[in-house]
Amino acid sequence: MDNICPKYGLVLEGGAMRGMFTAGVIDVFIDNDIKFDGAIGVSAGAVIGINYPSKQKGRAIGYTLDFIKDKRYMGIGNLIKTGDLIGKDFAYYTVPVKYYPFDEETFHKTGIPFYAAVTNMETGDAEYFEIEDFDFGMEALRASASLPFVTKPVMLNGKPYLDGGVADSIPYRKMFELGYDKLVVVLTRDGSYRKSPMPAFPTRYVYRKYPAFADRIMDRHNEYNSTVRELEKLESEGRVFIIRPPAPLGIGRTERNLEKIKRTYEKGLAQGEARLGALKEFLSGKSV
């Protein structure tokens, strides 16, 4: 781009508990006053990334370590009783209000547009909601991070939504569409990873009422792998800067082992610090 003042966007991949890597990277950004003109997150990238514009270093790792073993937060009991592995009221409303309050005032003062990617289950298409207020915003974040098979659809404006990663695992194209010129993309998979196809069963059975959604799940590996290739090409052209783990993180999607969670967060801190100099050059418009 030849813009005199390019707009820089931040893109955050999901990955459930792999998001603790993103939490570490985000905290490095906050510590070093790294500024972006806008940000977008999908799934865990959305619920963790929201702490960047609110400047709440340590919040994501804090509430995760404190509550991940709490049955009210996540557990098979929730799934059996409510159809949701994650306890909606406790995880999305009690913890962010009572125990780790979201700093909505700073979020608004910062003035950084933040978007959450979701998947419309009826159409199978990705949609993107700007987070502007706590009530609707929290439901949009919950929809973005609601994993298929273990979460009921989240209703927004009368329509059912689930995990934004199903339709758009790494929503960089949306940021270009919104007018951002250069992007910093935080991935939670290492460079060797390529996604494998999902089996038709139980996908098509579970989502038989939403065939377009099932189609997206079945094709997700193709979409994901091609997106990673595109991003790597854009990085070689200087339009994208990628931060990702140098090796597999070795953490489960619903991990509850506190040491693994802490190690994943620390890997994010380490990689964020390691890439900080090159990141600053990229954001200054210099080649990296």
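1. A short note on the overall build of the chain
Part 1 of the argument: When its secondary structure is counted, the chain shows 12 helices and 8 strands.
Part 2 of the argument: A compact globule built from 288 residues would reach a C-alpha radius of gyration of about 19 Å, and the chain, at 18 Å, matches this within 12%.
Part 3 of the argument: In terms of principal-axis extent, the alpha carbons of the chain reach across some 55 × 40 × 35 Å.
Part 4 of the argument: Going through the 288 residues of the chain one by one, you find that 53% of them count as buried.
Part 5 of the argument: For the chain, the share of sequence-separated contacts (at least 6 apart) that also reach a separation of at least 24 residues comes to 75%.
Part 6 of the argument: Counting every atom, the chain has about 12,800 Å² of accessible surface; 52% of that belongs to carbon and sulfur.
Part 7 of the argument: Averaging the locations of the 40 positively and 38 negatively charged side chains of the chain gives two centres separated by 6 Å.

2. Here's the deal with the pattern of salt bridges
Part 1 of the argument: Counted by the stated rule, this structure contains 15 salt bridges.
Part 2 of the argument: With its nearest N and O atoms 3.9 Å apart, the salt bridge here joins Arg275 to Glu235. In this pair, Arg275 is assigned in the loop between α11 (258–274) and α12 (276–283) and Glu235 in helix α10 (residues 211–236), connecting sequence segments 40 residues apart.

3. Observations concerning the nonpolar core
Part 1 of the argument: Grouped together as the largest cluster of nonpolar side chains are 62 residues, with contacts concentrated most on Leu10, Met20, Phe29, Phe36, Tyr73 and Val184.
Part 2 of the argument: Broken down by element, this core gets its largest block of residues, 8 residues, from helix α1 (residues 19–31).
Part 3 of the argument: With residues up to four places along the chain from it excluded, the contact list for Leu10 reads Ile26, Phe29, Phe36, Gly38, Ala39, Ile40, Tyr52, Met175, Val184 and Val186.
Part 4 of the argument: Tyr180, Val185, Leu187 and Val228 belong to the second-largest nonpolar core, a separate cluster that totals 17 residues.

4. Points about the side chain of Asn78
Part 1 of the argument: Relative to the elements of secondary structure, Asn78 occurs in helix α4 (residues 76–82).
Part 2 of the argument: Apart from residues lying up to four places away in sequence, Asn78 is in contact with Lys71, Arg72, Tyr73, Gly83, Asp84, Leu85, Ile86 and Gly87.

5. Details of the pairing of strand β3 (residues 114–120)
Part 1 of the argument: By the criterion of burial, β3 is predominantly enclosed, with 7 of the 7 residues buried.
Part 2 of the argument: Here β3 shows no split at all, with Phe114, Ala116, Val118 and Asn120 on one side and Tyr115, Ala117 and Thr119 on the other all buried.
Part 3 of the argument: Across 4 bridges, the pairing between strand β2 (residues 38–42) and β3 is parallel. By the bridge assignment, Gly41 is partnered in β3 with Ala116.
Part 4 of the argument: The sheet contact formed by β3 and strand β4 (residues 126–130) spans 5 bridges and is antiparallel. Across the sheet, the residue bridging to Ala117 is Tyr128, located in β4.

6. Considering the environment of Ala143
Part 1 of the argument: Here Ala143 lies in helix α7 (residues 134–145).
Part 2 of the argument: Separated by 100 residues in the primary sequence, Ala143 and Ser43 place their C-alpha atoms 7.9 Å from one another.
Part 3 of the argument: Excluding residues that lie within four positions of it along the chain, Ala143 makes contacts with Val118, Val154, Leu156, Tyr161, Leu162, Asp163 and Gly164.

7. Considering helix α5 (residues 88–99)
Note that an α-helix has 3.6 residues per turn; residues three or four places apart therefore point the same way.
Part 1 of the argument: Taking 1.5 Å per residue, 12 residues should reach 16 Å; α5 reaches 15 Å between its end C-alpha atoms and fits that length.
Part 2 of the argument: Within α5, burial applies to Phe90, Ala91, Tyr92, Val95 and Pro96. Summarising the axial view, the buried residues of α5 lie within an arc of 165°, below the 170-degree limit, and thus occupy one face. Exposed and oriented more than 90 degrees from the buried face of α5 are Asp89, Val97 and Lys98.
Part 3 of the argument: The secondary structure elements touched by the buried residues of α5 are α2 (44–49), α3 (59–67) and α7.

So, how was this worked out
- Residues numbered from 1 in each chain as written.
- Predicted model: local features only at pLDDT ≥ 70, side-chain atom pairs only at ≥ 80, totals over all residues.
- Heavy atoms only, no water.
- Helix = DSSP H or I, 4+ residues; strand = E, 2+ residues; numbered from the N terminus.
- Rg over C-alpha atoms; globule rule 2.2 N^0.38 Å.
- Buried < 20%, exposed > 50% of the residue type's maximum accessible area, 1.4 Å probe, protein only.
- Contact = heavy atoms within 4.5 Å.
- Areas by Shrake-Rupley, 256 points an atom, 1.4 Å probe, with all protein chains shown as cover.
- Lys, Arg positive; Asp, Glu negative; His and termini not counted.
- Charge placed at Lys NZ, Arg CZ, Asp CG, Glu CD.
- Salt bridge = Lys/Arg side-chain N within 4 Å of Asp/Glu carboxyl O.
- Core = buried A, V, L, I, M, F, W, Y, C linked by side-chain atoms within 4.5 Å.
- Pairing = 2+ DSSP bridges.
- Expected span 1.5 Å × (residues − 1).
- Arc of directions from axis to C-beta.

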